[in-house]
Amino acid sequence: QVQLVESGGGLVQAGGSLRLSCAASGRTFSLYNMGWFRQTLGKEREFVAAISWSGDSTYYTDSVKGRFTITRDNAKNTVYLQMNSLKPEDTAVYYCNLASQRGSSWYPRGDYWGQGTQVTVSS
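All of these numbers come straight from a predicted model, not from anything done at the bench.

Criteria and cut-off values
Residues numbered from 1 in each chain as written. Predicted model: local features only at pLDDT ≥ 70, side-chain atom pairs only at ≥ 80, totals over all residues. Heavy atoms only, no water. Phe/Tyr/Trp six-rings, centres within 6.5 Å; stacked < 30°, edge-to-face > 60°. Helix = DSSP H or I, 4+ residues; strand = E, 2+ residues; numbered from the N terminus. Buried < 20%, exposed > 50% of the residue type's maximum accessible area, 1.4 Å probe, protein only. Lys NZ or Arg CZ within 6 Å of the ring centre and 35° of its normal. Disulfide = S-S within 2.5 Å.

K.L.:
Describe the packing of aromatic side chains, and please don't skip the residues or the numbers.
P.N.:
If you walk through the whole model with that rule in mind, you get five aromatic pairs. Seen from their ring centres, F37 and F47 are 6.0 Å apart, and the 65° between their planes marks the pair as edge-to-face. Linking F37 in strand β4 (residues 34-39) with F47 in strand β5 (residues 46-51), this pair joins segments that are 10 residues apart in sequence. Assessed through its relative accessible area of 2%, F37 is described here as buried. By way of ring pairs, the aromatic residues F37, F47, Y59, Y95, W106 and W113 are connected into one cluster. Positioned over the ring face of Y80 is R19, at 4.0 Å from the centre of the ring.

The following block contains the structure:
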């Protein structure tokens, strides 16, 4: 099974930027679509962004379109999330995982999650 380690979170003022990284271990990393998900206390985990196995196609939830960019480097087994123009509502713990598209929605594929990385955006 793929193991995932997220990093790059922190405290930033509104309008600032962060770049999250997801380092994956496992032989099948490059065969999967990958995604970023986030969760805050009292809310369900929500989809943020996804990228195809080749990196040719990307998908975003409406609230982050134009602000976030997901990329991947299969040679390094790493997925990135560049977050610009951050807003307080972006505050959450961010997780990466294998991702599957069902209809118009994206869902995590893997059974194992990393520790996540905390993103806090102050006003």
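K.L.:
Report on the state of the cysteines, specifying residues and quantitative values.
P.N.:
By the definition in use, this model includes one disulfide. Note that C22 is cross-linked by a disulfide to C96, the S-S spacing being 1.8 Å. Across the S-S bond of C22 and C96 the torsion is about 60°, and the bridge reads as right-handed. Remark: C96 occurs in strand β9 (residues 92-102) and C22 occurs in strand β3 (residues 18-25); sequence separation between them is 74 residues. An identical accessibility class is assigned to C22 and C96; each is buried.

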